[in-house]
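Chain residues, written in single-letter form:
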There are 2 protein chains.
Amino acid sequence: MEQITIIGSGNMARSIAVRMISARHSVQILGRNGEKTRELVEFLGAGAQGGGEGAVVEGGIVFLAVPFAEAKKSVIFYGDALAGRVVVDICNPVDLATFDSLVTPVGTSAAEEIALHTTADAFVVKAFNTCFAKPLELGSVARVPLDVFIAGDSEQAKLKVSSVVAASGLRPIDVGPLRRARDLEAMMLLVMALQVSPAHENFNWDTSLNLLP
Amino acid sequence: MEQITIIGSGNMARSIAVRMISARHSVQILGRNGEKTRELVEFLGAGAQGGGEGAVVEGGIVFLAVPFAEAKKSVIFYGDALAGRVVVDICNPVDLATFDSLVTPVGTSAAEEIALHTTADAFVVKAFNTCFAKPLELGSVARVPLDVFIAGDSEQAKLKVSSVVAASGLRPIDVGPLRRARDLEAMMLLVMALQVSPAHENFNWDTSLNLLP
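The rules behind these values
Residues numbered from 1 in each chain as written. Chains lettered and ligands numbered in written order. Predicted model: local features only at pLDDT ≥ 70, side-chain atom pairs only at ≥ 80, totals over all residues. Heavy atoms only, no water. Pairing = 2+ DSSP bridges. Helix = DSSP H or I, 4+ residues; strand = E, 2+ residues; numbered from the N terminus. Axes fitted to C-alpha atoms, helices over the stretch in contact; angles between N-to-C directions. Parallel < 35°, antiparallel > 145°, perpendicular 65-115°, else oblique. Left-handed = near helix turned anticlockwise from the far one by under 90°. Contact = heavy atoms within 4.5 Å. Nonpolar A, V, L, I, M, F, W, Y, C, P; charged D, E, K, R; others polar. Least-squares fit on C-alpha atoms with pLDDT ≥ 70 in both. Buried < 20%, exposed > 50% of the residue type's maximum accessible area, 1.4 Å probe, protein only. Right-handed = clockwise from strand over helix to strand, strands pointing away. UniProt positions renumbered as here; feature names shortened; annotations may be inferred. Phe/Tyr/Trp six-rings, centres within 6.5 Å; stacked < 30°, edge-to-face > 60°. Expected span 1.5 Å × (residues − 1). Core = buried A, V, L, I, M, F, W, Y, C linked by side-chain atoms within 4.5 Å.

Q: Report on the sheet that holds strand 10 (residues 171-176) of chain B, specifying residues and quantitative values.
A: Residue and element names in this part refer to chain B. Ordered by their spatial adjacency, eight strands build an open sheet running 3-2-1-4-5-6-9-10, and the pairing between neighbours is mixed. Edge positions in the sheet fall to strand 3 (48-52) and strand 10, since each of these pairs with one other strand and no more. On average, adjacent strands in this sheet sit at an angle of 25° to one another, irrespective of strand direction.

Spelled out as structure tokens, the structure:
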């Protein structure tokens, strides 16, 4: 059993928490919004506890379940409190005004940018950015478990994330070094643009990007 | 019924040809290698005919089933013979020495580079780069038809490609303008790196990148 911390109290925080609790991990929700945090902890029930921003980080794995700009601020805010921990960036740095570009410069990734702002003693991993909240909460789409693509420069950190992912009924796929996050984020720009496109009325944030079989 | 031209006589040429013939389209194989071209045409049987480099291009849709560098040379070589046609770039400009980067500069794509070299009267479309030859020849993986992600700046050209893709038992997904090829090519760098990685002994060029359901 792992102790998991999730920074954020939105849809992705909820879905990751549901998956982790399904595998009997303990989940700590650290939300800035006290009311949403309390509601989420109540929804999650046994296995979950809440805390405000600045509470003691208890998880060996810390999910940044917040948008890119917030994620950067969070790793700066928590600073050394993240030392020795696995920090999981799940974000998609998509320009939400256009769904036509990323807000990160070409040649890098949100994950690498976040890693630059994270204490050097932490282990930054990219994961779950290809998962949308609704299918993730269910764990599967069309009876196929969701694929979780995992990129990072620490083999041990990736093994830790892979282990909780597999235990929660999903399929972890180690895709290599953290710079592979560039490719994952690029692809999700395309996939997210499909979800908002009126031309694709069947894609409504309920799809899953999978490598079959 | 469409007349399809395929430039190339390798595995991808074969798989695309098999799919197209399954939908009763006529296929013209234009290969540089006379023997391979003859063998492929013989394998394909009725519905296929061969030609050497420089033969009259008969297809309204022309697949560039050759590597990136060759594809660029081909569109230059065929020049105005491609005018008015839909030219489909299927390539992945992956550095095959490392499987760690693309050979194209950041901020563009092989598709856009190829379009720059193609007569302005042709319509360049990116498609099939996420399909590997073996699953493509079969048409499905784990009973799920392959997704064919289609990017291009001409709606009519994309409709034409979508139509032959659907008729051949695959699922066409229009992913937007040609610049979305950047995202498709980035993701396939990652997916191809998985196929060659000894850590993933179950991924052997037989996977399919799908958006479920």
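Q: Mind laying out the packing of helix 3 (residues 68-78) of chain B against helix 4 (residues 110-117) of chain B, listing which residues take part and the relevant values?
A: Working note: a packed helix pair is described by the angle between its axes plus the distance between those axes. All names here are of chain B. Running from N to C, helix 3 and helix 4 point in directions that differ by 20°, and their axes come no closer than 8 Å. One element, helix 3, and the other, helix 4, form an angle in the roughly parallel class. Considering the relative orientation of helix 3 and helix 4, their crossing is right-handed. Residues Phe68, Ala71, Lys72, Val75 and Ile76 of helix 3 touch helix 4, and the partners they reach there are Ala110, Glu113, Ile114 and His117. Of the residues belonging to the contact of helix 3 with helix 4, the class tally is six nonpolar, one polar and two charged.

Q: Please provide a residue-by-residue account of the relation of the copies chain A and chain B, values included.
A: At an RMSD of 0.0 Å, chain A and chain B line up after a rotation of 180° and a shift of 0.0 Å along the axis. This pairing of chains is accounted for by a two-fold axis.

Q: Give me the lowdown on the pairing of strand 1 (residues 3-7) of chain B, citing residues and values where you can.
A: Residue and element names in this part refer to chain B. For strand 1, the tally of buried residues reaches four of five residues, placing the bulk of the element in the interior. Here strand 1 runs beside strand 2 (residues 26-31); their pairing, made up of five bridges, is parallel. Of the residues in strand 2, the one forming a bridge with Ile7 is Leu30. Crossover handedness for the path strand 1 to helix 1 (residues 11-22) to strand 2: right-handed. Pairing geometry for strand 1 and strand 4 (residues 61-64), over four bridges, is parallel.

Q: Run through the UniProt feature "domain: Pyrroline-5-carboxylate reductase catalytic N-terminal" (unreviewed entry) in chain A, naming residues and quoting values.
A: Cross-referencing UniProt, the feature "domain: Pyrroline-5-carboxylate reductase catalytic N-terminal" (unreviewed entry) maps to residues 3-93 of chain A in the present numbering. For the annotated span residues 3-93 of chain A, helix accounts for 37% and strand for 26% of the residues, and the straight-line distance between the end C-alpha atoms is 27 Å.

Q: Tell me what's going on with the packing of aromatic side chains, and back it up with residues and numbers.
A: Ring pairs (aromatic) are described by centroid distance and by the angle formed between their planes. All names here are of chain B. Within the structure shown, the criterion is met by eight aromatic pairs over all chains. Pairing Phe132 with Trp205 gives two aromatic rings, centres 5.0 Å apart and planes at 75°, and the pair type is edge-to-face. With Phe132 in the loop between strand 6 (123-126) and helix 5 (133-138) and Trp205 in the loop between helix 7 (181-196) and strand 11 (208-212), this pair connects stretches of sequence that are 73 residues apart. Judged by its relative accessible area of 6%, Phe132 is buried.

Q: Explain helix 7 of chain B to me, using residue names and the numbers behind them.
A: The periodicity of an α-helix, 3.6 residues per turn, causes residues three or four places apart in sequence to face the same way. A rise of 1.5 Å per residue sets the reference length of helix 7 of chain B, with its 16 residues, at 22 Å; its end C-alpha atoms lie 22 Å apart and thus fit the reference within 8%. With 14 of its 16 residues buried, helix 7 of chain B lies for the most part within the structure.

Q: So, the pairing of strand 3 (residues 48-52) of chain A: which residues are in play, and what are the values?
A: All names here are of chain A. With five bridges joining them, strand 2 (residues 26-31) and strand 3 adopt parallel strand pairing. Bridging from a neighbouring strand, Leu30 pairs with Gly51 of strand 3. You can see the chain leave strand 2, run along helix 2 (residues 34-44) and come back into strand 3, and the turn it takes is right-handed.

Q: So what's going on with the environment of Ala151(A)? Which residues, and what values?
A: Residue and element names in this part refer to chain A. With respect to the secondary-structure elements, Ala151 resides in strand 9 (residues 147-152). Note on Ala151: relative accessible area 0%, which makes it buried. For the pair Ala151 and Gly8, spaced 143 residues apart in sequence, the C-alpha separation works out to 21 Å. In contact with Ala151, other than residues within four places in its own chain, are Val125, Lys126, Lys158, Val175, Gly176, Pro177, Leu178, Arg180 and Ala181.

Q: So what about the environment of Phe99(A)? Which residues, and what values?
A: Along the chain, the position of Phe99(A) falls in the loop between strand 5 (86-89) and helix 4 (110-117). Remark: the alpha-carbon pair of Phe99(A) and Thr118(A), spanning 19 residues in sequence, is separated by 27 Å. In this view, Phe99(A) contacts Val94(A), Leu189(A), Met192(A), Ala193(A), Val196(A), Trp205(A) and Arg180(B); residues no more than four positions away in its chain are not counted.

Q: I'd like a rundown of the nonpolar core, residues and numbers included.
A: Counting residues in each nonpolar core, the largest one holds 74 residues, and the members touching the most others are Ile6(A), Phe63(A), Phe128(A), Ile6(B), Phe63(B) and Phe128(B). Beyond its immediate sequence surroundings of up to four residues, Ile6(B) is in contact with Ala13(B), Ile16(B), Ala17(B), Val27(B), Gln28(B), Ile29(B), Leu30(B), Phe63(B) and Ala65(B). Within the second largest apolar cluster, 38 residues are counted, among which are Leu184(A), Leu194(A), Ala151(B) and Leu211(B).

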